[in-house]
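# Fold and geometry: a report
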Amino acid sequence: MTDDNPQTPPPLAEAKWLWRRLYVFAASFALWRTLSAIVDRTQPVALPAVASGLMSLLALTLVLYLVAPTAQQLAALLADLRLRLGGLK
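In this text, all values refer to a predicted model and were calculated from it rather than measured experimentally.

## Re the packing of helix α1 (residues 17–41) against helix α2 (residues 47–67)
To describe two helices that pack against each other, one gives the angle between their axes and the distance between the axes. The contact between α1 and α2 brings their axes to 12 Å, and the two run at 175 degrees. Overall, the two elements α1 and α2 adopt an arrangement that is roughly antiparallel. Between α1 and α2, the contacting residues are R20, R21, V24, S28, L35 and V39 on the first element and L47, V50, L54, L57, T61, L64 and Y65 on the second. Its residues placed into classes, the contact of α1 with α2 shows nine nonpolar, two polar and two charged.

## Some words on the pattern of salt bridges
Two side chains with opposite charge may pair up if their charged atoms get near one another. Per the stated rule, a full pass over the model turns up one salt bridge. Close ionic contact of D80 with R84 constitutes a salt bridge, the shortest N to O distance being 3.1 Å. You can see D80 and its partner R84 sitting in helix α3 (residues 71–88), four residues apart, about one turn around the helix.

Criteria and thresholds
- Residues numbered from 1 in each chain as written.
- Predicted model: local features only at pLDDT ≥ 70, side-chain atom pairs only at ≥ 80, totals over all residues.
- Heavy atoms only, no water.
- Axes fitted to C-alpha atoms, helices over the stretch in contact; angles between N-to-C directions.
- Helix = DSSP H or I, 4+ residues; strand = E, 2+ residues; numbered from the N terminus.
- Parallel < 35°, antiparallel > 145°, perpendicular 65-115°, else oblique.
- Contact = heavy atoms within 4.5 Å.
- Nonpolar A, V, L, I, M, F, W, Y, C, P; charged D, E, K, R; others polar.
- Salt bridge = Lys/Arg side-chain N within 4 Å of Asp/Glu carboxyl O.

Next up, the structure:
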C-alpha cells in the first residue's frame, strides 16, 4: 500500500493502554473469583443455566475489550457531536 503524502505521520498508539489492560485484568480476575464462588454454591441441576450465563458474560467481556472504542475515540466522538449539535441551533 502506497501513501500519497509521505509527510503524514503514522497513527499514534493509545496513550493509556497499560491502564486499560490493567483494568480489564483486575475486573476479569474479580469476576472470575466471584463467579467461581457462585458456581461452587450452585445446585447441580442449575449448572447448565449458570454455564450459559457465564459464556454470555465472557462474550460480553471480549466484545467490550476488543471492539469498544477507547477514551480518546469517545472524546473525539463527543466533540464532533457537540459541533454538529451546535451548528443546528
